[in-house]
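Residue-level listing of the chains:
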Amino acid sequence: SVVKFRRTGESARSEDEAMCGEHEVRIEGVHRDLEPVELAGGAAVPKEFANPTDDTFLVEDAVEAIGFGKFQWKLSILTGLAWMADAMEMMILSILAPQLHCEWRLPSWQVALLTSVVFIGMMLSSSFWGNVSDQYGRKTGLKVSVLWTLFYGVLSAFAPVYGWILFLRGLVGIGIGGVPQSVTLYAEFLPMRSRAKCILLIEVFWALGTVFEVLLAIMVMPTLGWRWLLLLSTLPLMIFSVLCFWLPESARYDVLTGNQEKALTTLKRIAKENGVPMPLGKLTVARQEDRGKIRDLFSPQFRWTTILLWFIWFSNAFSYYGLVLLTTELFQAGDVCSVSKGRRTMEPRCSFECKYLTENDYKDLLWTTLSEFPGVLVTLWVIDQIGRKKTMALSFIVFSFCILLLLACVGRTALTVFLFIARAFISGGFQAAYVYTPEVYPTATRALGLGTCSGMARVGALLTPFIAQVMLESSAYLTLSVYCCCSILAAIASCALPIETTGRGLQESSHRQWGQEMVGCASHSSERIPRSSSGSQN
């Protein structure tokens, strides 16, 4: 049996031997009845041979050989709990604000500040949690952020006055800023072929969290009140905080920090839980380098990627939360034309005027959140077909087209359909960004890269109320045009990203060469695999 391989990254061999080229390796004594692993090129390699070209293997080789199994299913549920808790803490803002507006007789600006302070906390802390995860480990950063959010989330239920709840919800926002690091940890345990689908399916837990929060509000708010709602909303965080001690540290992170034995123990544990053998050979320790340095995001290799991703994440949050705010306004008015006409004749309302949420309001919230489920399905279908970059671009283009159609003063039915489609695709674009970002950065800066992108998203979430609510009072057409133009620019930015990560393993090092990738070479392998001199270009 002859299997051809192409060497594209670092190994224990010398640089002369590591020159990119095809290598024929004759594997003798291989049992024909071994279960094969199907590779991208259509070749089959026995599971026992994760890297037959050498007596060493990288973490990437081990993760690919072990595959997706029982361990990853457990990790999916645990990561999903973190996302569910995040969604519930965000959804509660739209329920808590009108309740306190009426109960404590708050002016409108104080109600808006109650929402903004959470986003401010998330914006300020996202890079911090990313740095913690790169310096001290993914598990450490995630565990501390979850316990922080749980502690202050419970305390906010006992806030006696407005000043205290404002302060405590701001601290909750700081904790929520670390929840996206669960994606970093999750992605580093996933084989290449399963990564996109698994990360997208985790986003289903976000939609489940928003639906569960609305259902919880329907049952709790009329009888027990908002304090019990805040308390019960921390249940997923409580479950996660207990189960997170089962989480292992990322093997990629351990190898990067020189903790080879711990990484090997983790890989053996995963292989045992999945019921598959470990790869043959010795685990190779990747070159150690500085971790969590912001300057690495702006190195020549990643400068444009970082800048473009920051704008893409900003546009995602700006458009997503803007659409959520616009939906209520447009439904109340009937269409865009009614909003424009109504603003000219509407008498100014007292800032203390309030209205409690009714059962119909909760039902409307429930229906609008359901649009995210088809968004997940569409993204899941296209992301491996057309690639990450084109999926994000497609999401922004469809969103801008639906927003553009709203300018035609459509009826209530068409308005509902366009808003439904727009929210489905902009949420799908957000999910695609969560897949792409951990894939494009190396292990040393992966958590920081995701954290800074998440921070830019919070900037967009902070600014969008001034467009969706304040500017809307002056001109509905101008408001919609801003969202349309922003999403078109984001689509262009998505296409301009230098790297397409579809079908590529996670990068272990920020040095010139990529991590070793094993591709079974039948014919035409040279057409599919870039040479090492170009494989590291960004």
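Residues numbered from 1 in each chain as written. Predicted model: local features only at pLDDT ≥ 70, side-chain atom pairs only at ≥ 80, totals over all residues. Heavy atoms only, no water.

Regarding its fold elements, the chain presents 21 helices and 6 strands. Counting all 538 residues of the chain, 57% fall into the buried class. Considering only residue pairs separated by 6 or more positions, the chain has 81% of its internal contacts joining residues 24 or more positions apart. Accessible surface, the chain: about 22600 Å² in total, of which carbon and sulfur atoms supply 63%. (Helix = DSSP H or I, 4+ residues; strand = E, 2+ residues; numbered from the N terminus. Buried < 20%, exposed > 50% of the residue type's maximum accessible area, 1.4 Å probe, protein only. Contact = heavy atoms within 4.5 Å. Areas by Shrake-Rupley, 256 points an atom, 1.4 Å probe, with all protein chains shown as cover.)

Turning our eyes to something else, we now look at helix α1 (residues 59-66). Within α1, 7 of the 8 residues are buried, which leaves the element mostly enclosed by the surrounding structure. Of the surrounding secondary structure, the elements contacted by the buried residues of α1 are β5 (56-57), α7 (192-220), α10 (251-256), α11 (260-274) and β6 (282-283). At the exit of α1 stands Gly 67, carrying a positive phi of roughly 75°.

With that settled, consider the packing of helix α2 (residues 70-103) against α7. At a closest axis distance of 7 Å, the pairing of α2 and α7 adopts a crossing angle of 45°. Compared by their axis directions, α2 and α7 come out oblique. The way α2 lies across α7 gives a crossing that is right-handed. Taken together, the residues of the contact of α2 with α7 break down into 18 nonpolar, 5 polar and 3 charged. (Axes fitted to C-alpha atoms, helices over the stretch in contact; angles between N-to-C directions. Parallel < 35°, antiparallel > 145°, perpendicular 65-115°, else oblique. Left-handed = near helix turned anticlockwise from the far one by under 90°. Nonpolar A, V, L, I, M, F, W, Y, C, P; charged D, E, K, R; others polar.)

The next point concerns the environment of Val 161. Structurally, Val 161 is set in the loop between α4 (138-156) and α5 (162-176). Note: C-alpha distance between Val 161 and Trp 104 (57 residues apart in sequence) is 8.5 Å.

Here the focus is the packing of aromatic side chains. Applying the stated criterion across every chain, the model contains 20 aromatic pairs. For the pair Trp 148 and Tyr 152, a centre-to-centre distance of 5.2 Å together with 55° between the ring planes defines the contact as tilted. Taken together, the positions of Trp 148 and Tyr 152, both in helix α4 and 4 residues apart, correspond to about one turn of that helix. A relative accessible area of 29% places Trp 148 in the partly exposed class. Note on Tyr 152: relative accessible area 19%, which makes it buried. (Phe/Tyr/Trp six-rings, centres within 6.5 Å; stacked < 30°, edge-to-face > 60°.)

With that settled, consider the nonpolar core. Judged by nonpolar contacts, the single largest core of 136 residues is most densely connected at Ile 165, Phe 240 and Trp 313. For this core, the leading source of residues is α2, giving 18 residues. Apart from the residues lying within four places of it in its own chain, the contact partners of Ile 165 are Leu 96, Leu 100, Trp 104, Leu 114, Ser 156, Ala 159, Trp 226 and Leu 230. (Core = buried A, V, L, I, M, F, W, Y, C linked by side-chain atoms within 4.5 Å.)

Applying the stated criterion across every chain yields a total of 5 salt bridges. A salt bridge links Lys 74 to Glu 273, with the shortest nitrogen-to-oxygen separation between them at 3.3 Å. Taken together, the residues Lys 74 in helix α2 and Glu 273 in helix α11 connect sequence positions 199 residues apart. On the accessibility criterion, Lys 74 (34% relative accessible area) is partly exposed. With a relative accessible area of 21%, Glu 273 lands in the partly exposed category. Close ionic contact of Arg 169 with Glu 89 constitutes a salt bridge, the shortest N to O distance being 2.8 Å. Linking Arg 169 in helix α5 with Glu 89 in helix α2, this pair joins segments that are 80 residues apart in sequence. On the basis of relative accessibility, which here comes to 1%, the residue Arg 169 falls in the buried class. Each of Lys 74, Arg 269 and Glu 273 takes part in a single network of salt bridges with overlapping partners. (Salt bridge = Lys/Arg side-chain N within 4 Å of Asp/Glu carboxyl O.)

Taken as a whole and judged by the stated rule, the model has 0 disulfides. Cysteine Cys 484 is unpaired, with the sulfur of Cys 485 as its nearest cysteine sulfur at 5.7 Å. (Disulfide = S-S within 2.5 Å.)

This part is about the environment of Gly 451. For Gly 451, the location among the structural elements is in helix α18 (residues 446-474). On the accessibility criterion, Gly 451 (1% relative accessible area) is buried. Residues Gly 451 and Gly 178 lie 273 residues apart in sequence; the distance between their C-alpha atoms is 7.7 Å. For Gly 451, the residues in contact, after removing those within four places along its chain, are Ser 126, Ser 127 and Gln 181.

As a further point, take the side chain of Thr 437. You can see Thr 437 is positioned in helix α17 (residues 412-440). Given the relative accessible area of 0%, Thr 437 is considered buried. Within the structure, Thr 437 has its side chain in polar contact with the side chain of Trp 313 (distance 3.1 Å). Sequence-distant contacts of Thr 437, defined by excluding residues within four places in its chain, comprise Leu 309, Trp 313, Gly 449, Leu 450 and Cys 453. (Polar contact = N/O pair within 3.5 Å; in protein donor to acceptor, adjacent residues only side chain to side chain.)

Relative orientation of the contacting elements α4 and α5 amounts to 160°, with a least axis distance of 8 Å. The angle between α4 and α5 falls in the class roughly antiparallel. At the point where α4 passes α5, the crossing takes the left-handed sense. Packed against α4, whose contacting residues are Ser 145, Trp 148, Thr 149, Tyr 152, Gly 153, Leu 155 and Ser 156, the element α5 presents Ile 165, Leu 168, Arg 169, Leu 171, Val 172, Ile 174, Gly 175 and Ile 176 at the interface. In terms of residue class, the contact of α4 with α5 is made up of 9 nonpolar, 5 polar and 1 charged.

So, about the side chain of Arg 423. Its location among the elements puts Arg 423 in helix α17. The contact partners of Arg 423, leaving out residues within four places of it in the chain, are Tyr 320, Leu 323, Val 324, Thr 368, Thr 369, Ser 371 and Glu 372.

The subject of this paragraph is α2. An ideal rise of 1.5 Å per residue puts 50 Å on 34 residues; α2 measures up with 48 Å between its terminal C-alpha atoms. Largest kink in α2: about 30°, centred on Ser 94, with the proline Pro 98 one to four residues after it. Judged by how many residues are buried, α2 sits mostly within the fold: 28 of 34 residues are covered. Once α2 finishes, Arg 105 follows within two positions and takes phi at roughly 55°, a positive value. (Expected span 1.5 Å × (residues − 1). Bend = angle between axes of the 7 residues up to and from the residue.)

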